[in-house]
Amino acid sequence: MTKTSALTRVAAAGLALSALSAPLMAQTAEGPWLVRARAVHLSPENGGNVNGLAINDKSLPEVDITYFITRNIAAELILTYPQKQDVTLNGNDIGSLKHLPPTLTVQYHFNPEGTVRPYAGAGINYTRFSSVKILDGAGKLDKSSFGFAFGAGLDIKLADRWFLNVDVKKVKISTDVTASGNKLGTFKVDPVLFGVGIGYRF
């Protein structure tokens, strides 16, 4: 074998290894963490058996932290600060409340290395009600609610590590309602959350 032939083979082998390792290097460069900031519109179902009881639609900020356990499977923690909502009964203002609704989901990402990366997931929501001021203090709510959450979305790659995110979730939130010590029934907030935001992968 000539010296030129040997060098040619070494160069070819190096190019082949580079081509094989490039996708792995790109995946490693992105890292397992994805942090998003979203603008979210909350649209409550306002169901249950307390007829006429409702809270208003609301737009709010949201941050979520996602950790990729594998290439396709990730855990997402969704956070915001306590949100104030107006409470009405048959269209009449009867007070307000605040709620803090952290949500944890497990997601499956269908195309984790593509430009468009759809996902779907399910998990659990915990909502803490506070600052409840209904019927001049006569109306009360249970302070805690646990319920299922499920949804889907898209991450669209804009540039290295940066993504546009579109997301929709359905969250089960309900609480018992009492007035002057008497239980009136169960109020089901059960909102749909529509979100748009920006994510950074590292």
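Quantities reported herein were computed from a predicted structural model and do not represent experimental measurements.

Definitions and cut-offs
- Residues numbered from 1 in each chain as written.
- Predicted model: local features only at pLDDT ≥ 70, side-chain atom pairs only at ≥ 80, totals over all residues.
- Heavy atoms only, no water.
- Phe/Tyr/Trp six-rings, centres within 6.5 Å; stacked < 30°, edge-to-face > 60°.
- Lys NZ or Arg CZ within 6 Å of the ring centre and 35° of its normal.
- Helix = DSSP H or I, 4+ residues; strand = E, 2+ residues; numbered from the N terminus.
- Buried < 20%, exposed > 50% of the residue type's maximum accessible area, 1.4 Å probe, protein only.
- Contact = heavy atoms within 4.5 Å.
- Pairing = 2+ DSSP bridges.
- Core = buried A, V, L, I, M, F, W, Y, C linked by side-chain atoms within 4.5 Å.
- Polar contact = N/O pair within 3.5 Å; in protein donor to acceptor, adjacent residues only side chain to side chain.

Right, let's get into the packing of aromatic side chains. Remark: the centre distance and the inter-plane angle together describe each pair of aromatic rings, the angle taken between the planes. For the structure on display, the rule yields five aromatic pairs. In this structure an aromatic cluster arises from ring pairing among Trp162, Tyr200 and Phe202. In this structure, Arg201 is placed above the aromatic ring of Phe68, and the distance from its NZ or CZ to the ring centre is 4.0 Å.

Mapped onto the fold, Ala149 is located in strand 11 (residues 144-159). Judged by relative accessible area, Ala149 falls into the buried class, the value being 2%. With 23 residues separating them along the chain, Ala149 and Tyr126 place their C-alpha atoms 9.8 Å apart. Setting aside residues up to four positions removed in sequence, Ala149 forms contacts with Thr103, Gly121, Ala122, Gly123, Ile124, Lys170 and Val171.

Burial along strand 13 (residues 174-179) is one-sided: Thr175, Val177 and Ala179 are buried, while Ser174, Asp176 and Thr178, pointing the other way, are not. As paired elements, strand 10 (residues 139-141) and strand 13 share three bridges and run antiparallel to each other. If you follow Leu141 over to strand 13, its bridge partner there is Val177. Across six bridges, the pairing between strand 13 and strand 14 (residues 182-188) is antiparallel. Within strand 14, the position partnered with Thr175 by the bridge is Phe187. Counting the residues in the hairpin turn of strand 13 and strand 14 gives two residues, including Ser180, whose phi is positive at 55°.

Leu53, Ile55, Val87, Leu97, Leu141, Val177 and Phe187 are the most contacted members of the largest nonpolar core, which has 19 residues in total. Of all elements in the fold, only strand 1 (33-43), strand 3 (53-55), strand 7 (92-100) and strand 9 (116-134) reach the threshold of two or more residues within this core. The contact partners of Leu97, leaving out residues within four places of it in the chain, are Ile55, Gln83, Lys84, Gln85, Val87, Phe129, Ser130, Ser131, Val132 and Leu141.

A separate point is the side chain of Ser96. As for its position among the elements, Ser96 is in strand 7. Residue class for Ser96 comes out buried when judged on its relative accessible area of 12%. In this structure Ser96 touches Lys84, Gln85, Asp86, Val87, Ser131, Val132, Lys133 and Ile134, once residues within four positions along its chain are discounted.

Position of Thr127 relative to the elements: it lies in strand 9. On the basis of relative accessibility, which here comes to 1%, the residue Thr127 falls in the buried class. Here Asn125 takes part through its side chain, which lies 2.8 Å from a polar atom of the side chain of Thr127. Beyond its immediate sequence surroundings of up to four residues, Thr127 is in contact with His99, Leu100, Pro101, Lys143, Ser144, Ser145 and Ile173.

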